[in-house]
Each structure stands twice: as structure tokens, then as C-alpha cells.
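# Descriptive structure summary
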Amino acid sequence: MSKKIICCILIILVIIIPQNVYAAASQTENNVIFLDGKWRLHFGTDTKFSGNNFDDSSWQNLPFKYTRVNNDVKKQNTVMWARKHFSISSSMKGIWLSIFIGNLQNGHEIYLNGKLIGQTPMAPNQYFNEWNEKHLYLLPQDYINYDNDNVIAIKTYSTYEYGIADGIFISSTSYAQAYYKSDITYECDPYYAFVVLAFITFSYFMVLQLRNKENYKYLFFSLIWLCAGVHSVNFIIYRLPVSYINYQKIIFIFVGLIAPLTLPFIKYYLEIQIHKWEKIVLTAIGFSLIFGDLICRNIAELFIYRRLSVYIGAILGVYYIIILFSKIIRKDIRALKLSVFILIAYIFQLNDAINALFGSAPRAGLQFNIPTIIILLSIISIELVRDYNSIYFRSTRDGLTGTYNRLYFRNILLKELNKINQGFSSLIIIDIDDFKYVNDTYGHVTGDLVLKTTARTLNQNIPAGSTLARYGGEEFIILINDCNPDMTYEIAENIRKAIENQFIPYNSNHILKITISVGTTTWNTKLGFFSAEELVDQADKALYYSKRNGKNQATCFYDLDKNNTIDEKSNDEG
């Protein structure tokens with residue numbers, strides 16, 4: 001468990017550290033002009049300017065960083081201007097300069113000394129939004145006032161938020177391009193991977209659910225992955241040709257549904273009954289979250305809904321931890337593992353709860369929180385796959401010998417019969433001679449050892465791709481593809497000799513030797529259609545011929561004397 005947690009931390013650090021290192025390195029780059037600090041901001045459509053001359057009467061000195069204005073109606077749903085004065089040394093003449101703008105959400109026009117140098121479509125006239133987009137604009141050299149005052153002016157739109165999330169600076173074009181590529185790679189590439197992982201995992205567990213309809217843990221876990229995947233899409237979409245609020249409604253619905261989906265997953269995973277009142281409460285919560293999301297008229301109301309969904313998730317999280325603790329005190333190892341994962345996820349989700357409470361969205365929270373949740377879901381996925389494989393193994397394998405069981409073998413045989421195959425396929429049935437005598441004389445523990453040794457020897461002496469199963473008490477059956485009657489008989493003889501030469505230690509002073517009787521049959525499409533029962537019966541008749549004629553021998557069904565009808569099986573129980 002500790003190793004898995006350490007791996008989680010290392011993966012998170014791999015995501016976060018490169019970006020921070022690159023940001024730190026950028027501070028030492030020459031010829032970089034950082035446009036941070038206070039800007040002159042104005043909210044409203046009454047702004048006019050000519051060149052660098054603005055009417056400053058209603059402008060405010062504020063940082064132009066990402067800010068939410070949920071409670072300031074005057075700053076919502078309006079055009080806004082941001083202006084910054086700076087100087088460029090004449091020593092930078094001859095260097096092509098560009099301005100980097102990171103994560104300005106609602107479209108913009110950008111002016112250098114009163115002249116337009118770049119723009120995007122801008123709300124509210126067009127349904128266009130830029131959530132994660134970053135921009136580079138070339139500064140024409142004849143627009144720059146070297147060794148004099150320069151003004152960058154940005155016209156954008158304020159909804160429930162405004163400002164730049166990733167900073168803004170002027171530098172050489174080559175450096176700005178390198179920074180742009182690095183920022184995109186370190187920030188967005190991990191989220192692309194998470195989204196792909198989420199939808200692949202969702203599909204995988206849906207397939208498992210279709211195979212195991214009696215337990216819905218795979219269904220609910222796949223839906224949790226789907227919700228996580230849709231949420232992560234929010235971090236890799238750059239531009240939206242649709243209304244931003246409608247897009248965020250979809251995102252928030254999926255985020256809100258994660259918490260209600262977690263309870264049925266936990267209960268099905270731990271095989272705990274889901275009470276009727278729990279189903280009613282979770283259904284009510286789910287519909288309330290969806291309805292509350294759909295009736296939101298603007299982004300400010302949508303984030304009130306977001307707060308509510310986070311609080312509900314936090315309350316449900318406490319309830320889940322109580323359920324897990326009640327199972328832990330009963331020494332349920334699965335509950336202990338699950339509780340560690342959910343507790344870690346819950347702690348990081350508190351980051352979202354705090355942000356929702358104060359209306360802030362620090363970048364570090366997004367960088368750290370979502371990857372953590374995805375990684376923890378991945379670890380739980382591994383646990384579920386192991387659990388599924390264990391169940392699948394037990395349902396298809398014989399518990400003592402590890403070979404396939406009779407039911408699984410018959411399914412494989414039926415599939416083989418349904419194939420259109422011009423080649424040969426063969427059955428070999430093996431019976432341990434005098435096995436009842438071994439059990440009665442040496443005990444069932446020794447009898448089990450004989451069965452396990454026989455199974456191991458058979459596995460070592462059958463062709464690759466063959467199917468070996470324990471067919472009965474001391475009977476084994478083998479399906480071999482692409483094997484004609486002569487080759488099948490040769491394989492049967494090799495198996496018989498290998499068993500005959502096998503020494504089984506009974507105790508420190510005694511060694512057991514056993515023998516087997518073998519029957520074989522072979523078929524292909526040219527011989528016509530055979531049912532599974534007919535083929536097994538053919539091999540069975542050959543086996544009992546071997547038993548009745550001295551044991552420790554192999555017989556092919558087609559070598560039997562057809563005039564010597566075998567209509568009754570030997571009563572020999574060994």
C-alpha cells in the first residue's frame with residue numbers, strides 16, 4: 001500500500017515540477033518584460049481612446065489577474081478594458097518581439113500604442129470562448145516607441161470572471177514561442193492522457209459489467225470514470241463555438257454526479273446491502289443537482305450551484321468514510337484499501353470545497369487535485385481488475401489442480417465445433433488407473449498429490465495451445481487443434497510414458513508410481529458434424545477399451561474393432 005501511495009506522489013510531482021521549474025527559469029531570461037502588477041481597468045462600453053490617450057476618470061488601478069466577480073454586478077456581463085504602460089530599450093532594436101497572453105477566458109482585442117495587433121471573437125455578440133487558450137502576438141517594430149512610453153491595451157469581456165490566469169509578458173519571439181510550446185506540453189498533455197485513460201477505463205468496466213450482470217460495482221465504477229473523464233475535458237478544450245455557460249452546465253452535472261455514484265459502488269464492492277432510503281436520497285440528490293444546474297441563468301448562479309454540489313459531496317464523503325470504518329473494524333481488507341484511497345481523494349477534494357467557499361480558483365489547485373483523483377481511481381481500477389481476474393479464475397479453474405474445469409472445457413469445445421475449420425482437432429481422455437485404491441490405501445492427501453502431479457505432468461507434455469481440464473474425479477481431458485489421428489495417438493503415448501516414469505514421494509521411505517489409461521478421437525469438417533456429446537463419447541469408448549484390456553495403454557477410437565461393440569462401461573472405479 002505504501003508503495004502505491006509513493007508512486008502517486010511521484011507521478012504528481014512529475015506533472016507539477018517541470019512547469020514550476022520552467023516558470024522559474026523564465027525569470028532569468030534576458031530581454032523579458034513582465035507586465036504584472038497593477039493595470040488600469042475600466043468596466044463598461046463607454047471607453048474611447050485615440051493612440052495612447054484615454055479618459056481616466058472611471059478607471060481603476062487593479063491587478064489584471066484571474067478574478068471572479070460573482071458579487072459585483074457592475075463588473076458582470078460587460079465590456080472591459082485593461083491598459084499597461086511600459087518601456088522598451090533601444091538596445092532591443094532589431095529583435096523581433098512578441099507578447100504572450102495566457103488564459104484570457106472571454107476573447108479579446110489587443111492594441112499596441114493604439115493600433116490593433118491581434119484579436120479573437122468576443123462575447124456577447126458571438127458564442128465563442130477561450131478557456132485554456134494561450135496567444136502569441138508579434139509586435140510590429142514600426143509600432144514600438146523605443147526608449148519612450150508604450151501602451152498595451154486589451155479589450156475583453158467580463159462575465160463572472162475576468163483577467164489573465166497564466167500571466168502576460170513581452171520577449172523575443174523565439175523565447176515566447178519556446179515558452180508557449182513548453183506551457184502547452186506540461187499543462188495540457190497530462191490532461192489529454194487522463195481523458196483518454198478515463199474513457200478507455202469506462203469502456204473496459206462496462207464490458208466487465210456486461211459479463212457480470214449480477215454485481216453492479218463495475219457499472220457504477222465505470223460511470224465514475226466517465227464523469228471524471230468529462231470533467232477533465234474541461235482542461236484540454238481551448239476554444240468553444242458554443243455558449244460557455246451551457247458547456248459548463250454539462251461539466252458541472254458530471255462533476256456533481258461523482259459523489260452520488262460513489263455510494264452504490266462502495267456498497268456493491270464490499271457486498272453491503274443498499275437500503276431503500278439510501279436509494280431514495282441518492283436519486284433525489286442526483287435529480288436536484290441536475291435540475292439546479294439546468295435552471296441557472298448565468299455563470300454566477302452556476303457557481304452557487306457548484307458550491308452546493310461540493311458541499312453535498314463533502315457530506316456524502318463523511319458518510320462513506322463511516323461505512324468503510326464500520327467494515328474495517330470487522331477486519332475487511334478490501335474496505336481498508338478502499339478507505340485509504342477515498343480518504344486521500346477526500347482530503348484533496350477539500351481544496352475544491354475551500355475554493356468554492358471563497359470563490360477563488362488557484363491554479364495550483366487544478367494542477368494538483370485532478371491528477372491526484374485520476375491516479376487514485378486508476379489504483380482502485382487495478383484492485384477491481386485483480387478482483388475480477390480472481391473471480392474469473394475461480395469460475396473457470398479446478399481448485400486443486402489449477403487446470404480448467406469441466407464447464408469451461410465444454411464451452412471451449414462448443415466454440416471449436418462452431419468454427420469452420422478444414423484442419424483436424426482431437427480429444428484425449430485420461431483416467432488414473434486404480435485411483436480408488438490409492439485413496440483407500442494412502443489417504444486422500446496422497447490422492448490429492450497424485451492428482452496435482454498428474455496435472456503438472458500433463459501440462460508439460462501437451463502441445464502449445466492445447467486446452468487441459470479436469471473432467472471428473474480422476475479424469476482429465478485435452479483438446480488439441482491441428483492434430484491428425486496418428487499425431488494424437490503419439491501425443492497420448494508420450495503422456496502415458498511420462499506418467500509411468502513419474503515418481504511420487506509418499507513419505508521419506510516410500511515412492512508411488514502410477515499409470516494411466518488413455519482414449520483418443522479425432523475429427524474434421526470432412527467427417528461431417530459431431531456434437532460435443534458424440535465426440536466425448538467416442539474418446540470415452542476408447543478409454544474404457546484401454547481400461548478393460550489391461551490399463552496403462554492408449555487407444556484411438558478409429559482403431560477399435562467395430563464388430564466388438566462397447567455398449568457398457570466397466571464398473572472398475574479405479
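Structure shown above.
Structural notes, computed from the coordinates.

Calculation rules
- Residues numbered from 1 in each chain as written.
- Predicted model: local features only at pLDDT ≥ 70, side-chain atom pairs only at ≥ 80, totals over all residues.
- Heavy atoms only, no water.
- Pairing = 2+ DSSP bridges.
- Helix = DSSP H or I, 4+ residues; strand = E, 2+ residues; numbered from the N terminus.
- Axes fitted to C-alpha atoms, helices over the stretch in contact; angles between N-to-C directions.
- Salt bridge = Lys/Arg side-chain N within 4 Å of Asp/Glu carboxyl O.
- Core = buried A, V, L, I, M, F, W, Y, C linked by side-chain atoms within 4.5 Å.
- Buried < 20%, exposed > 50% of the residue type's maximum accessible area, 1.4 Å probe, protein only.
- Contact = heavy atoms within 4.5 Å.
- Phe/Tyr/Trp six-rings, centres within 6.5 Å; stacked < 30°, edge-to-face > 60°.
- Lys NZ or Arg CZ within 6 Å of the ring centre and 35° of its normal.

Before going further, it helps to spend a moment on the sheet that holds strand E9 (residues 108–112). Within a beta sheet, neighbouring strands are joined by backbone hydrogen bonds and run either parallel or antiparallel to one another. Spatially, E5-E2-E7-E13-E9-E10 is the arrangement adopted by the six strands of the open sheet, whose pairing is antiparallel. Both outer strands of the open sheet, strand E5 (60–63) and strand E10 (115–119), are each paired with one neighbouring strand and no more. Going from strand to strand, the sheet's axes swing by 30° on average, the running direction of each strand aside. As judged from the four bridges shared by strand E2 (residues 38–43) and strand E7 (residues 78–87), these two strands associate in the antiparallel manner. If you follow Arg-40 over to E7, its bridge partner there is Arg-83.

This part takes up the pattern of salt bridges. One pass over the full model with this rule turns up 11 salt bridges. Put simply, Asp-434 and Lys-551 hold a salt bridge, and the shortest N to O gap is 2.7 Å. Remark: Lys-551 occurs in the loop between helix H13 (532–548) and strand E23 (554–556) and Asp-434 occurs in the loop between strand E17 (425–432) and helix H10 (435–442); sequence separation between them is 117 residues. Across the pair Glu-500 and Arg-496 runs a salt bridge whose closest N-O atoms are separated by 3.4 Å.

On to the nonpolar core, then. Core analysis: the biggest nonpolar cluster contains 45 residues, and Phe-221, Phe-265, Tyr-305 and Leu-316 have the highest contact counts within it. Residue assignment for this core shows that the elements contributing at least two residues are helix H2 (173–211), helix H3 (217–233), helix H4 (244–269), helix H5 (276–294), helix H6 (299–328) and helix H8 (363–396). The contacts of Phe-221, once residues within four sequence positions are left out, are Phe-205, Phe-265, Leu-377, Ile-380, Ser-381 and Leu-384. Membership of the second largest hydrophobic core comes to 29 residues, among which are Met-80, Ile-117, Ile-144 and Ile-154.

Our next topic: the packing of aromatic side chains. Inspection of every chain in the model, using the stated rule, returns 16 aromatic pairs. A centroid spacing of 5.2 Å and a plane angle of 85° characterise the contact between Phe-205 and Phe-221, whose relative ring orientation is edge-to-face. Here Phe-221 lies in helix H3 and Phe-205 lies in helix H2, a separation of 16 residues in the sequence. Among the aromatic residues, those joined into a ring-pair cluster are Tyr-204, Phe-205, Tyr-218, Phe-221 and Phe-265. Just above the ring of Tyr-404 sits the side chain of Arg-397; from NZ or CZ to the centre is 4.0 Å. Over the ring of Tyr-471 we find Arg-406, and its NZ or CZ is 4.0 Å from the ring centre.

Moving on, we come to the pairing of strand E8 (residues 97–102). The buried fraction of E8 amounts to six of the six residues, a majority that puts the element mostly inside the structure. Side chains of E8 alternate between two faces, with Leu-97, Ile-99 and Ile-101 and Ser-98, Phe-100 and Gly-102 buried alike. Direction of pairing for E8 relative to strand E12 (residues 134–139): antiparallel, over a ladder of six bridges. Bridging from a neighbouring strand, Ile-99 pairs with Tyr-137 of E12.

With that settled, the discussion passes to the sheet that holds strand E19 (residues 475–481). What the five strands build is an open sheet, ordered E18-E19-E17-E22-E23; its pairing is mixed. Edge strands, defined here as strands with exactly one partner in the open sheet, are strand E18 (467–470) and E23. Averaged over all pairs of adjacent strands, the angle between their axes in this sheet comes to 15°, without regard to strand direction. With three bridges joining them, strand E22 (residues 516–523) and E23 adopt parallel strand pairing. By the bridge assignment, Val-518 is partnered in E23 with Ala-554. With respect to the sheet, H13 is in contact with E17, E19, E22 and E23, its orientation differing from that of E22 by roughly 145°.

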